[in-house]
Amino acid sequence: MAVTIAPSILAADFAALGSACRALGEAGVDWVHVDVMDGHFVPNLTFGPPMVRALRPHIRGTMDVHLMIAPVEPLLPAFLEAGADIVTVHAEAGPHVHRNLRAIRAAGVRAGLAINPGTGLDALPWLLDDVDLLCVMTVNPGFGGQSLIPSAAAKIRAAAALCRPRGIPVMADGGVSAETARSLAAAGAEVLVAGSAVFAGPQERWGANIASLRRAAEDVAA
Ligand code: DX5
Ligand code: ZN
């Protein structure tokens, strides 16, 4: 099984995001993860819809926008119009995750569902008909550069058992490194989000950083 590495630009230089996204494209990356934080659902603040729209032309392939915002409803239409291929909402962000997933698909965008480390998988059978990607948080959302939660691989395995038969890819988000990629891929993660492991060192290193993550993951996923 092929594993996709999705660099998170949360770890890039915010004063040079357009050029960072172009450099990723030149390095052969075809999926970029954009972490939207509201300073309320998570204790950090990043991008709004105009920023997502401005980045779109600089991203080759899939633009994956992870909304760590609550409530989601007031801002969802603006994010859906900003050009993302995938918009992901959190199960914990309000009482109407099912409605929000449907609104994403109705806008012609792929719908991602994210679950925090403390959230169980109980609701998945009732949501997966409306989901195109399951994002399992493998750190607590809000910051890059955190260590993988030890139970992450076991949760990915349980999530993949529910998602795989339906052809829904499972994403691991947070704490992905050349050391942890292997266990996450072995557990069934098909997309690995990586911020600090990709953007470590100067731009010339990013391609090699991505290659070593891919090698670590494909070692077991082949
Ligand atoms: C955490 C974000 C992650 C994060 C990953 O709230 O959703 O996407 O940026 O960063 P690293 O790879 O540094 O853990
Ligand atoms: Zn994320």
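Just so it is clear, the model here is predicted, and its values are computed rather than measured.

Caption draft 1: The overall build of the chain, seen in detail. Regarding its fold elements, the chain presents eight helices and eight strands. Taking 222 residues into account, the globule formula puts the C-alpha radius of gyration at 17 Å, and the chain, at 16 Å, falls close to it. Seen through its C-alpha atoms, the chain measures out along the principal axes to roughly 45 × 35 × 30 Å. Buried residues in the chain amount to 51% of all 222 residues. Considering only residue pairs separated by 6 or more positions, the chain has 65% of its internal contacts joining residues 24 or more positions apart. Accessible area for the chain stands at about 9,200 Å²; split by element, carbon and sulfur atoms hold 54% of it. In the chain, which carries 16 positive and 20 negative side-chain charges, the distance between the mean positions of the two groups comes to 4 Å.

Caption draft 2: Just the pattern of salt bridges, in detail. Within the structure shown, the criterion is met by six salt bridges. Residue Asp132 pairs with Arg105 through a salt bridge whose shortest N-O separation is 2.8 Å. With a gap of 27 residues between them, Asp132 in the loop between α5 (124-127) and β6 (133-137) and Arg105 in helix α4 (residues 97-106) connect regions that are remote in the sequence. Residue Arg105 is classed as partly exposed on the basis of its relative accessible area of 32%. Put simply, Arg182 and Asp219 hold a salt bridge, and the shortest N to O gap is 2.6 Å. Of this pair, Arg182 sits in helix α7 (residues 181-187) while Asp219 sits in helix α8 (residues 203-221); the two residues are 37 residues apart in sequence, bridging distant segments of the chain.

Criteria and thresholds
- Residues numbered from 1 in each chain as written.
- Chains lettered and ligands numbered in written order.
- Predicted model: local features only at pLDDT ≥ 70, side-chain atom pairs only at ≥ 80, totals over all residues.
- Heavy atoms only, no water.
- Helix = DSSP H or I, 4+ residues; strand = E, 2+ residues; numbered from the N terminus.
- Rg over C-alpha atoms; globule rule 2.2 N^0.38 Å.
- Buried < 20%, exposed > 50% of the residue type's maximum accessible area, 1.4 Å probe, protein only.
- Contact = heavy atoms within 4.5 Å.
- Areas by Shrake-Rupley, 256 points an atom, 1.4 Å probe, with all protein chains shown as cover.
- Lys, Arg positive; Asp, Glu negative; His and termini not counted.
- Charge placed at Lys NZ, Arg CZ, Asp CG, Glu CD.
- Salt bridge = Lys/Arg side-chain N within 4 Å of Asp/Glu carboxyl O.

These figures capture arrangement, not role.
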